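# What the coordinates show
Each chain, letter by letter, is given below.
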Amino acid sequence: MTYRYRIASIFLLGFFIDCINIFMSAIALPAIADDMQISIVSVTWVSNSYILGLTLIIPLSHWLSQRFGIKALMVTSMLMFSLSVALVGYSHAFSELIFWRFIQGVSGGLLIPIGQALTFQYFQGHERSKISTLIMAIALVAPAISPTLGGFIVDVVSWRWVFYSNIPFSLLTAFLAFIWVKEPLAKKNVIPDIKGIILISLIIVFGLFALSAYGEYHSTLLALVIAVLSTIFAVLYYYHYRHHSSPVINLALLKNRNLSLSIFIYYCIPGVFTGVNILAIFYLQQYLKFTAQGTGVFMLLYALGALISITISGALYNKLGMKRLFIIALLLHSLGISLLTFVNSNTDIPLLIIVYLIIGVGGGIGANTAQTTALYDFSAQKLVQASVIWNINRQVVFSVGATMVAMLFNILSLFCLPQTAYSMTFLICALIGILPLILLFTLKKKMITQEIQDEF
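I will try to describe carefully the structure that is included in this document. It should be emphasised that the depicted structure is a prediction, and the values quoted were computed from it without experimental measurement.

## Digging into helix α12 (residues 220-242)
Here α12 is 23 residues long and its end C-alpha atoms lie 33 Å apart, about the 33 Å a rise of 1.5 Å per residue gives. Buried residues of α12: Ala223, Ile226, Ser230, Phe233, Tyr237, His240 and Tyr241, and no others.

## Quick word on the nonpolar core
Core analysis: the biggest nonpolar cluster contains 143 residues, and Ile32, Tyr356 and Phe426 have the highest contact counts within it. Once residues within four sequence positions are removed from consideration, Ile32 is found in contact with Gln37, Ile38, Val43, Val46, Leu97, Trp159 and Phe163.

## Overview of the packing of aromatic side chains
Taken as a whole and judged by the stated rule, the model has 19 aromatic pairs. Plain terms: the ring middles of Tyr3 and Tyr122 are 5.8 Å apart, the flat faces sit at 85° to each other, and that makes the pair edge-to-face. Taken together, the positions of Tyr3 in helix α1 (residues 3-27) and Tyr122 in helix α7 (residues 112-122) put the pair 119 residues apart, joining distant regions of the chain. Here Tyr3 falls in the partly exposed class, since its relative accessible area comes to 25%. Judged by its relative accessible area of 28%, Tyr122 is partly exposed. Considering the side-chain rings of Phe273 and Tyr302, the 4.5 Å spacing of their centres and the 5° angle between planes classify their relative orientation as stacked. Taken together, the residues Phe273 in helix α13 (residues 257-287) and Tyr302 in helix α14 (residues 292-320) connect sequence positions 29 residues apart. One exposure class covers both Phe273 and Tyr302, and it is buried. The ring of Phe68 is capped by Arg67, whose NZ or CZ atom sits 5.0 Å from the centre of that ring. A cation sits over an aromatic face here: Lys71 above Phe178, 4.7 Å from the ring centre.

## Things to note about helix α18 (residues 418-432)
The terminal C-alpha atoms of α18, which comprises 15 residues, lie 21 Å apart, in line with the 21 Å expected from a rise of 1.5 Å per residue. What α18 keeps buried is the set Gln419, Ala421, Tyr422, Ser423, Thr425, Phe426, Cys429 and Ala430.

## Some remarks on the layout of surface pockets
Regions of empty space are outlined by a rolling probe, equal in size to a water molecule, passed over the atoms. Space inside the largest pocket adds up to approximately 520 Å³. Its residues assigned to classes, the lining of the largest pocket shows 15 nonpolar, three polar and no charged. As a volume, the second largest pocket reaches approximately 440 Å³. Along its surface, the second largest pocket is lined by 20 residues, and His62, Ile70, Leu118, Gln121 and Val384 are the ones closest to its centre. Grouping the amino acids of the lining of the second largest pocket by side-chain chemistry returns ten nonpolar, eight polar and two charged.

## Remarks on the packing of helix α15 (residues 322-339) against α18
The N-to-C vectors of α15 and α18 enclose an angle of 170°; their axes lie 8 Å apart at closest approach. For the element pair α15 / α18, the angle class is roughly antiparallel. From α15, Ser334, Ile337 and Ser338 reach across to α18, where they touch Phe426, Cys429 and Ala430. Tallied by class, residues from the contact of α15 with α18 come to four nonpolar, two polar and no charged.

Each value, and the rule that gives it
- Residues numbered from 1 in each chain as written.
- Predicted model: local features only at pLDDT ≥ 70, side-chain atom pairs only at ≥ 80, totals over all residues.
- Heavy atoms only, no water.
- Helix = DSSP H or I, 4+ residues; strand = E, 2+ residues; numbered from the N terminus.
- Expected span 1.5 Å × (residues − 1).
- Buried < 20%, exposed > 50% of the residue type's maximum accessible area, 1.4 Å probe, protein only.
- Core = buried A, V, L, I, M, F, W, Y, C linked by side-chain atoms within 4.5 Å.
- Contact = heavy atoms within 4.5 Å.
- Phe/Tyr/Trp six-rings, centres within 6.5 Å; stacked < 30°, edge-to-face > 60°.
- Lys NZ or Arg CZ within 6 Å of the ring centre and 35° of its normal.
- 1 Å grid on protein atoms, 1.4 Å probe; cavity = no way out; pocket = protein on both sides within 12 Å on 5 of 7 lines; lining within 4 Å.
- Points joined across faces, edges and corners; volume = space filled by probe spheres on them.
- Nonpolar A, V, L, I, M, F, W, Y, C, P; charged D, E, K, R; others polar.
- Axes fitted to C-alpha atoms, helices over the stretch in contact; angles between N-to-C directions.
- Parallel < 35°, antiparallel > 145°, perpendicular 65-115°, else oblique.

So this is what it looks like as C-alpha cells:
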C-alpha cells in the first residue's frame, strides 16, 4: 500500500468511528431516555454534546498539528477517544454522560479535519471524486452495520456496551497512525483564532439551546432570549472576522457557490434525515413496539439504497453535473420521508422497506454530490480553511436536525394525538427537505446573468 493510501485509510477509519458514534448511539437513545428518565428533546444532547466537542476542537486541530506534529495529534486523538468513550459507557448520571460525550467529541475532532485535508492534499483534481466516493461509502457502511449491531447490543446486554464497542476501532486507528504517519513538523506555527473559536461555539450552543428550550419548556420568551444571544454572538463574530487577519472561519469562502450550496443541501438531506431517523426510532420502538434490533435492521436497507446510489452518482458526477444530481436526490429523499406518514402499524413492514430504500437512494446521491462539490474548487491553504468550514457544518447539521425535529414533535404533541404528531412532523420534514430546489431551479439563470455582467 502506498503512503497516500495509508494516510487515506487512517482518515477513513477515523471517519468511520465518527459515523458509528452518530448512528449506533441513536439506536440507543430510547433506552437511555428510559433508563435516565428524560424526554426526547433532552436525550438529543447525547448527540449534541458530542458534536459540540467536535465543533470546538476542529478549528484548533490545524494549529495543534503544526505545534505537535500530525502523527502525535492523530495518536493522541484516538487514545483520548478510547478513554472518554469508556467513561461515557460507565456514566450513571445524565450530566456525567453529557460531559464525557463532549470530551469524546473533542478527542475525535482532532483527527478528522487534518486527516481529510492531508488526504485531499495527496489526491488532486479528478481523483478527489474517487476519494469522496470512498468517504461516502464509509459513511454508508457505518449506518448499515451500526444500528443493527447497536440494536442487538441494547436488546441483549445494555446501551452502555454500544459505547464500549467503539474502543477497538479507536485503538486500531491510534496504532496505524503511530506506525504509518511520517509527516514532518510544520516550519510555521500560525497562532489560532481563539476569540473566533469561542464566538462560533457560543453561536452554536445558544442556537441549539434556543431550539431545545422551546421544544422542552414551550417557552417562547425563553427561546427568543436565547436566540437573541446567539444572534448577538453572530454579529460579534462578523465584526471580529472583518478585523482579524486569519479568522477561524473565513466567511469569504462562503461566496463560493459550490461550497455554500453544498452546505445548505447538507442541512436538508443528512441534517433532516438525522432528526427524522431519531424520531422514527422512537416511533417504531415506543409506539409501534418494534425491538431495538428490529428498528436497526431498517438502516441496512437505507445503506443498501445509498451504497447503490453513491456508486452510480460518483460515476455520473462529471457527466450529469451536480445540479441534476442534487435535484434527483432532494426529490427522492423527501418522497421517502413523506411515505413515513402512512406507517401506522408494526405490520407495515413492506412500506418501511420501500421508505428506507428510497431515503437511502436520495440521501446517498445528495450526500456524495455535496461532499464532492463542496471542496472541488479549493487547494493549498484555502483547502484547509474550506475543510474546517465543511467539517464544522457536517457536524452541526446533525445537531440542528435532531434538535429541530424533536422540537417540532414536542410542539405538535401539545395539540395532536401521538400518531398525528408523528405523521405531521414527518410531513413537515419532507417539505423542508425540498427547499433547495428553489435555488437549484434558478441557478442557471443566475449564472447566465453573472456571465453577462462579467463581460462588461
